[in-house]
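# Residue-level structural notes
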Amino acid sequence: MKKLLLLALPILMLSCSSDDDNANVPVIPTPAAGVAYFRANVNGVPTDYTYNYTSATTAYGFSNSASGSPGGMVFSYGGALSTAAFSPTFTVYFDNMYVGGYEDESDNFYTTFATLPTNYLTNTQIDAYVKGIEIDYEKNGNQYNSGYGSQAGSTFTITSSTQGIEDGGSLKVKTVIGTLSCKLYNVDDVTDVVTISNGSFKVILREDY
């Protein structure tokens with residue numbers, strides 16, 4: 001499995017607009033609704049990481065990676081919700097979404113996310129550049145990941161998505177809202193399993209630099 005790079009960025013102010021490529025004027029969402037969030041029962045314990053513009057307890061970061069393949073660079077995109085200290089952290093990855101060069105990635109960003117995958121990937125599939133979903137969870141130095149074991153009975157559903165421009169900037173973003181349930185396996189001991197149930201998420205994905 002390739003190592004995905006987590007970019008623990010400062011708290012960012014973001015927004016998005018409609019799916020019309022020509023309508024990229026940022027619209028500020030209602031703060032109470034959450035600019036981004038990850039909410040779920042984690043081993044039965046209710047957990048809520050909701051980031052708003054004025055949030056002092058929750059941080060949001062973009063998590064992108066690019067690796068070489070025979071067809072060109074392969075780009076993966078993620079959004080990470082965490083405590084302000086960046087641990088624990090939940091990251092929703094959309095893996096292997098675009099294959100091409102750095103110079104073309106921005107031009108193709110909206111098209112890349114025109115169709116969003118909902119299939120959980122195994123480690124083998126991730127390394128084989130299959131397009132799909134990966135969930136990562138870090139807590140107290142331990143990393144748990146959906147690719148390390150069976151996802152039989154797990155779900156991942158997208159309820160809506162919008163595209164736009166990063167608030168205060170010029171980079172393209174895609175906001176994705178959905179629900180999920182899955183099992184996350186300790187990457188060093190797969191018998192140690194974290195169960196995610198009744199989950200919902202809202203992540204903002206940003207083009208690579």
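Preceding this paragraph is the structure being described.
Right, let's walk through the structure included here. All residue numbers refer to position in the chain's written sequence, counted from 1. Reporting of local features is limited, given that this is a predicted model, to residues whose pLDDT is at least 70; pairs of side-chain atoms are given and counted only at 80 or more, and all residues count toward the totals for whole chains, interfaces and linings. Excluding hydrogens and water, the side-chain values take into account all heavy atoms of the structure.

### Considering the overall build of the chain
- Each helix and strand counted, the chain has 3 helices and 10 strands in total.
- Across the chain, helices and strands are ordered from the amino to the carboxyl terminus as β-β-β-β-β-α-α-α-β-β-β-β-β.
- Taking all 209 residues of the chain together, 51% fall into the buried category.
- Carbon and sulfur atoms provide 54% of the accessible area of the chain, an area that totals close to 9,100 Å². Numbering of helices and strands starts at the N terminus; helices are DSSP runs of H or I of at least 4 residues and strands are runs of E of at least 2. Exposure classes here rest on a 1.4 Å probe applied to the protein chains alone. A residue is buried below 20% of its type maximum, exposed above 50%, and partly exposed in between. To be clear on the numbers: accessible area is Shrake-Rupley with a 1.4 Å probe, and residue cover counts the displayed protein chains and nothing else.

### Structural notes on the environment of Val193
- Turning to its location among the elements, Val193 is positioned in strand β10 (residues 189-206).
- In the structure, Val193 is positioned 45 residues away from Tyr148 in sequence and 9.9 Å away in space, judged by C-alpha atoms.
- Here Val193 is in contact with Asn43, Lys183, Leu184 and Tyr185, once residues within four sequence places are set aside. Should any heavy atoms of two residues lie within 4.5 Å, those residues are counted as being in contact.

### Regarding the nonpolar core
- In terms of nonpolar packing, the biggest core is built from 40 residues, with Phe38, Phe94, Ile135, Phe156, Ile196 and Val203 touching the most fellow members.
- Broken down by element, this core gets its largest block of residues, 6 residues, from β10.
- In this structure, Ile196 is in contact with Phe38, Ala40, Asn41, Val42, Phe90, Ser181, Cys182 and Leu184, ignoring residues within four places of it in sequence. We define the nonpolar core as a collection of buried residues of types Ala, Val, Leu, Ile, Met, Phe, Trp, Tyr and Cys that are connected through side-chain atoms lying within 4.5 Å of one another.

### Regarding unusual backbone geometry
- Cis geometry is found at the peptide bond from Ser87 to Pro88, where omega equals 0 degrees.
- On the secondary structure map, Pro88 appears in the loop between β4 (72-83) and β5 (89-100).
- Even without a glycine there, the phi angle at Asn140 is positive, about 55 degrees.
- You can see Asn140 is positioned in the loop between β6 (132-139) and β7 (142-145).
- A relative accessible area of 65% places Asn140 in the exposed class.
- Although it is not a glycine, Asn198 sits at a positive phi angle of roughly 50 degrees.
- In this structure, Asn198 sits in strand β10.

### Some thoughts on the pattern of salt bridges
- The salt bridge definition used is simple: a Lys or Arg side-chain nitrogen within 4 Å of an Asp or Glu carboxyl oxygen. Under the definition given, this model contains 2 salt bridges.
- The closest approach of N and O atoms between Arg39 and Asp48, which form a salt bridge, is 3.5 Å.
- The class for Arg39 is partly exposed, based on a relative accessible area of 25%.
- Between Glu166 and Arg206 there is a salt bridge; the shortest N-O distance is 3.2 Å. Highlighted residues: Glu166 in the loop between β8 (155-165) and β9 (172-186) and Arg206 in strand β10, separated in sequence by 40 residues.

### So, the pairing of β5
- By the criterion of burial, β5 is predominantly enclosed, with 11 of the 12 residues buried.
- Think of it this way: DSSP has to see at least two bridges between two strands before they count as a pair. Both β4 and β5 contribute to a ladder of 9 bridges, which runs antiparallel. Looking at the pairing, Phe75 lines up with Tyr98 of β5.
- Linking β4 to β5, which pair antiparallel, is a turn of 5 residues; within it Phe86 sits at a positive phi near 65 degrees.
- As paired strands, β5 and β6 are joined by 7 bridges and run antiparallel to one another.

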